[in-house]
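# Topology and contacts: notes
Spelled out, the chains give:
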Amino acid sequence: MTSSYDSFLASFAQRRMWYLVNQAGAASLYHMPLCWRVTGEIDQQALEAALRDLVERHEALRTGFADDEGELMQQVYPHASLKLERLALAVSDEDARALRESFERRGFDLRHPPLMRAALVQLREAQPGVPRHDVLIVLHHLVADGWSIAILMQELREGYRARRAGLQPDFAPLPIQYADYAMWQREWLQGAALEGQLRYWRDQLRDATPALELPVDRTREAELIHRAGTCRVRLDAACSTRLRQNAARQGATLFMLLMAGWAITLARFSGQNDICIGYPVAGRTRPELEGVVGLFVNTLVLRVQIKPSQTVDELVRDIRDAVLEADAHQDIPFDRVVDAIRPASDPRRSPLFQTFFAFYSADSGAPSMRFAIDDALQAEPHVVEPEAPKFELSLDLRTENGSVLGSIEYRADLLNAATVGMIAQVFQDVLAGIAEVPASRLESLALIDESGRRSLAQLWQHTSPARASFIPLHDAFRQRALNEPERDAVACGAAVLSYAQLDEKVCRTSAML
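Given the structure is predicted, the values throughout are model-derived calculations rather than measurements.

### Here we look at the overall build of the chain
In terms of regular secondary structure, the chain is built from 14 helices and 16 strands. Across the 513 residues of the chain, 53% fall into the buried class. Long-range contacts, defined here as pairs at least 24 residues apart, represent 77% of the contacts in the chain between residues at least 6 apart. Counting every atom, the chain has about 23800 Å² of accessible surface; 49% of that belongs to carbon and sulfur.

### Brief notes about the nonpolar core
Judged by nonpolar contacts, the single largest core of 78 residues is most densely connected at Leu243, Leu258, Trp262, Phe357 and Ile408. Ranked by residue count, the leading element in this core is helix α8 (residues 254–270), at 13 residues. Contact partners of leucine 243, with chain neighbours within four places excluded, come to Leu235, Leu254, Leu257, Leu258, Leu431, Ile434 and Ala435. Formed by 64 residues, the second largest nonpolar core is a distinct cluster that contains Ile42, Ala50, Leu120 and Met153.

### Observations regarding the sheet that holds strand β3 (residues 63–68)
Spatially, the three strands line up as an open sheet ordered β1-β4-β3, and their pairing is antiparallel. The open sheet terminates on both sides in strands that have one partner only, identified here as β1 (6–9) and β3. Sheet twist, expressed as the average angle between the axes of neighbouring strands with direction ignored, equals 35°.

### Regarding unusual backbone geometry
With an omega dihedral of 0°, the bond running from proline 113 to proline 114 counts as a cis peptide bond. You will see that asparagine 401, though not glycine, has its phi angle at about 55°, which is positive. Relative to the helices and strands, asparagine 401 resides in the loop between β13 (393–400) and β14 (403–411).

### Examining the confidence of the model for the chain
Counting all residues, the mean pLDDT for the chain is 86, and 83% of those residues have values of 70 or more. Ranking the elements of the chain by mean pLDDT puts helix α12 (residues 450–459) last, at 57, and helix α2 (residues 44–57) first, at 97. When the criterion is pLDDT under 50, residues 464–471 qualifies, and its contacts beyond four places in sequence or with other chains add up to 10 contacts.

### Focus: the packing of α8 against helix α9 (residues 312–327)
Packed helix pairs are specified by the crossing angle of their axes together with the interaxial distance, meaning the distance between the axes. Relative to each other, α8 and α9 sit at 115°, their axes nearing to 9 Å. Our classification of the angle between α8 and α9 gives roughly perpendicular. Where α8 crosses over α9, the handedness of that crossing is right-handed. Contacts between α8 and α9 pair Phe255, Met256, Leu257, Met259, Ala260 and Ile264 from the former with Leu315, Val316, Ile319, Arg320, Val323 and Leu324 from the latter. Split into classes, the residues belonging to the contact of α8 with α9 amount to 11 nonpolar, no polar and one charged.

### A closer look at helix α3 (residues 93–105)
With 13 residues, α3 extends 19 Å from end C-alpha to end C-alpha; this agrees with the ideal 18 Å at 1.5 Å per step. Buried residues of α3: Ala96, Arg100, Phe103 and Glu104, and no others. Viewed end-on, α3 has its buried residues packed into an arc of 95°, placing them on one side of the element. In α3, the exposed positions angled more than 90 degrees off the buried face are occupied by Glu94 and Ser102. Contacts from the buried residues of α3 go to β2 (31–39), β5 (84–91), β6 (116–127) and β7 (130–140).

### Considering the pairing of strand β9 (residues 274–281)
Burial analysis of β9 places seven of its eight residues in the buried class, which makes it a mostly covered element. Taken together, the eight bridges between β9 and strand β10 (residues 298–305) define a ladder with antiparallel strand orientation. Residue pairing for β10: tyrosine 279 is matched across the bridge by leucine 300.

### A word on the side chain of serine 394
Checked against the element boundaries, serine 394 lands in strand β13. Apart from residues lying up to four places away in sequence, serine 394 is in contact with Phe356, Ser407, Ile408 and Glu409.

### Re the pattern of salt bridges
In this structure the tally under the stated criterion is 25 salt bridges. We note a salt bridge from arginine 398 to glutamate 400, for which the minimum N-O separation is 3.4 Å. One continuous salt-bridge network, built from bridges that share partners, spans Arg37, Asp93, Arg100, Glu104, Arg132 and Asp134.

### Section: the packing of aromatic side chains
Taken as a whole, this structure holds 14 aromatic pairs when the rule is applied. Between the aromatic rings of tryptophan 184 and tryptophan 188, the centroid separation amounts to 6.0 Å while the plane-to-plane angle is 10°, which identifies the pairing as stacked. Pair noted here: tryptophan 184 and tryptophan 188 are both in helix α5 (residues 178–188), with a separation of four residues, about one helical turn. For tryptophan 184, a relative accessible area of 30% puts it in the partly exposed group. Judged by centre distance (5.2 Å) and plane angle (40°), the rings of phenylalanine 353 and phenylalanine 391 are tilted. Here the residue phenylalanine 353 occupies a position in the loop between α10 (334–341) and β11 (355–360), and phenylalanine 391 occupies one in the loop between β12 (378–381) and β13, the gap between them amounting to 38 residues. Among the residues examined, phenylalanine 391 registers a relative accessible area of 17% and is labelled buried. Taken together, the aromatic side chains of Tyr178, Tyr181, Trp184, Trp188 and Phe296 make up a single cluster linked through ring pairs. Over the ring of phenylalanine 103 we find arginine 117, and its NZ or CZ is 5.2 Å from the ring centre. It is arginine 336 that lies over the ring of phenylalanine 12; its NZ or CZ is 5.9 Å from the centre.

### Observations concerning the environment of glutamine 75
Along the chain, glutamine 75 turns up in strand β4 (residues 71–76). Judged by its relative accessible area of 11%, glutamine 75 falls in the buried class. Taking the C-alpha atoms as reference points, glutamine 75 and alanine 10, separated by 65 residues in sequence, lie 9.1 Å from one another. Apart from the residues lying within four places of it in its own chain, the contact partners of glutamine 75 are Tyr5, Asp6, Ser7, Arg62, Thr63, Gly64, Ala66 and Arg111. A distance of 3.3 Å separates a polar atom in the side chain of glutamine 75 from a polar atom in the side chain of tyrosine 5.

Definitions and cut-offs
Residues numbered from 1 in each chain as written. Predicted model: local features only at pLDDT ≥ 70, side-chain atom pairs only at ≥ 80, totals over all residues. Heavy atoms only, no water. Helix = DSSP H or I, 4+ residues; strand = E, 2+ residues; numbered from the N terminus. Buried < 20%, exposed > 50% of the residue type's maximum accessible area, 1.4 Å probe, protein only. Contact = heavy atoms within 4.5 Å. Areas by Shrake-Rupley, 256 points an atom, 1.4 Å probe, with all protein chains shown as cover. Core = buried A, V, L, I, M, F, W, Y, C linked by side-chain atoms within 4.5 Å. Pairing = 2+ DSSP bridges. Axes fitted to C-alpha atoms, helices over the stretch in contact; angles between N-to-C directions. pLDDT = per-residue confidence, 0-100. Parallel < 35°, antiparallel > 145°, perpendicular 65-115°, else oblique. Left-handed = near helix turned anticlockwise from the far one by under 90°. Nonpolar A, V, L, I, M, F, W, Y, C, P; charged D, E, K, R; others polar. Expected span 1.5 Å × (residues − 1). Arc of directions from axis to C-beta. Salt bridge = Lys/Arg side-chain N within 4 Å of Asp/Glu carboxyl O. Phe/Tyr/Trp six-rings, centres within 6.5 Å; stacked < 30°, edge-to-face > 60°. Lys NZ or Arg CZ within 6 Å of the ring centre and 35° of its normal. Polar contact = N/O pair within 3.5 Å; in protein donor to acceptor, adjacent residues only side chain to side chain.

This is how it looks when you write it as structure tokens:
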């Protein structure tokens, strides 16, 4: 790498990421690790050459960062060297995992590119004469996002095939580089354009519930503790197909319907009907950005106001309209929205929302995340478990072979696996109910059994009592049924119903209606 570079102001997304990186308790919190278990003979020289081709092609991978009197600067170098590291030879699968975790968590020097590294781990052969390797790649979120990874995987395949044949890859020229986008963004997002976007978000989030009060297993501490857990979620192909069809009938996408299911689930567990959920948008609103590697992704806030008497179809239409409006005002960076809203500061929580929902669909128009380095090789992705969570509760879903699957990532210092398992089960039950009867009223969905009621009653002892100043009667009743299910609720002569029994009858009656 040469000592000369061109300096550019960082993009708004990079500024936000820089702040988050410096606030993070774990150095690797904003690393983007990838791993594939490859069976077959890898041409290591061709793989290394193909990786270097990517660094030469995309300026973002040749960019370092420096703080210049409070202003974050991109420093774009003309060249940056990337070497394919060989970490070990003929190791066991368990040793390979330890090597992988160490490689993923190793820090970057953010001043010096590339903020990407790659390694090869040779494993013991499971079958004689059939080599096995783990291919590891780690990028820093400052220079890439999920869409960028898909671009890199496609181009790595093309580059590897070309280099194996002794050729240079024949990539189409990029119309712009990331620094060009950063300059355009700063020139455009000011004055009337900026104020119009800010006005929308002020109106949308005015008087929103300040925090999602999920029942937790342990109290929140003032100092954020980064410890992650995950819980798998899966909807079979038949259910997923019906959900997709139901969404289409409302002029909505599967993402919007799944968002409705997540909001219903959160309302059931929190007792709140005004819920803010964060979700990502690609941020590539112009065609010339689609092939560029860089940090374009932005975070939007969807405010869902649930009326228990409305039908699922009505809620899906409300969410459809809200998502379309939010997407039309997606250019303003999330941190500028936070500055405009000025929510109450709480070091124990993220601002504006505490739960996040991301959905990747093969029909979204984004590049495919599938990685097949060569037709002669088998490449199976390895799930990389998060070291630390970014939010209290994050739902990450994708489509695969007609099914919807993914996971819930959660703060393990707040929630136990059993609690999140209950949330995941209710979410799946809600969606199963929607798939069967999309015109159902919300109050008839997500019924929690007696065991679940007792568990939630115990959890709410650890949950902040702060709630909205007005609680509708049906919500107050539901909270009492969860907290004191065995207490007498109504009596007629000798006949007495507990809150749990009355709640069950109400839900059964509303479902029939």
